[in-house]
Amino acid sequence: MSTISADEPEQEAAARKLLSQIGVPSPWYVKRPKSDSAFIDAVDQRWSGALPAMYLYDRTGRKRDMFIGETAMSSIEAAIRKLL
């Protein structure tokens, strides 16, 4: 599992503190490109940039699902169960 923060640079310390407090496992990555569109396209060219965004990959590294916006935990868990 990896987490990418799309927070602005001045919010990085607060984002890292929150991730640590809620127990999100590392590694954590922080957006650093010069433009938001370069970041968005690097993650997924089909993604609009809306947040929150979560991508689910199978054991081989193939992207299997994406969840954009507020998503019920039951939907995420069901998608994970399909891959197990």
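Preceding block: the structure.
Residues numbered from 1 in each chain as written. Predicted model: local features only at pLDDT ≥ 70, side-chain atom pairs only at ≥ 80, totals over all residues. Heavy atoms only, no water.

A. How the structure looks around the packing of aromatic side chains. On inspection of all chains with the given rule, the structure shows one aromatic pair. On the basis of an interplanar angle of 70° and a centroid distance of 6.0 Å, the ring pair of F39 and W47 is categorised as edge-to-face. When its relative accessible area of 8% is taken as the criterion, W47 is described as buried. (Phe/Tyr/Trp six-rings, centres within 6.5 Å; stacked < 30°, edge-to-face > 60°. Buried < 20%, exposed > 50% of the residue type's maximum accessible area, 1.4 Å probe, protein only.)

B. Structural detail: the layout of surface pockets. The calculated volume of the largest pocket comes to roughly 1300 Å³. Lining the largest pocket are 30 residues, and of these S2, T3, I4, A53 and M54 sit closest to its centre. Counting only elements with at least two residues in the lining of the largest pocket, the list comes to β1 (3-5), α1 (12-21), α2 (36-43), β3 (53-57) and α3 (73-83). Examining the composition of the lining of the largest pocket, we find that five residues originate from one element, β3, more than from any other. Residues belonging to the lining of the largest pocket are distributed by class as follows: 23 nonpolar, five polar and two charged. (1 Å grid on protein atoms, 1.4 Å probe; cavity = no way out; pocket = protein on both sides within 12 Å on 5 of 7 lines; lining within 4 Å. Points joined across faces, edges and corners; volume = space filled by probe spheres on them. Helix = DSSP H or I, 4+ residues; strand = E, 2+ residues; numbered from the N terminus. Nonpolar A, V, L, I, M, F, W, Y, C, P; charged D, E, K, R; others polar.)

C. Fine view of the environment of I4. Mapped onto the secondary structure, I4 falls in strand β1. For the pair formed by I4 and A53, sequence separation is 49 residues and the distance between their alpha carbons is 9.8 Å. Beyond its immediate stretch of four places on either side in the chain, I4 contacts Y29 and F39. (Contact = heavy atoms within 4.5 Å.)

D. Quick peek at the pattern of salt bridges. All chains considered together, the criterion is met by seven salt bridges. For the salt bridge of R46 with D44, the shortest nitrogen-to-oxygen distance reads 3.4 Å. One salt bridge in this structure joins D58 and R64, with 3.3 Å as the shortest N-O distance. On the accessibility criterion, R64 (41% relative accessible area) is partly exposed. Look at the salt bridges and you will find they share partners, linking E8, K31 and D36 into a network. (Salt bridge = Lys/Arg side-chain N within 4 Å of Asp/Glu carboxyl O.)

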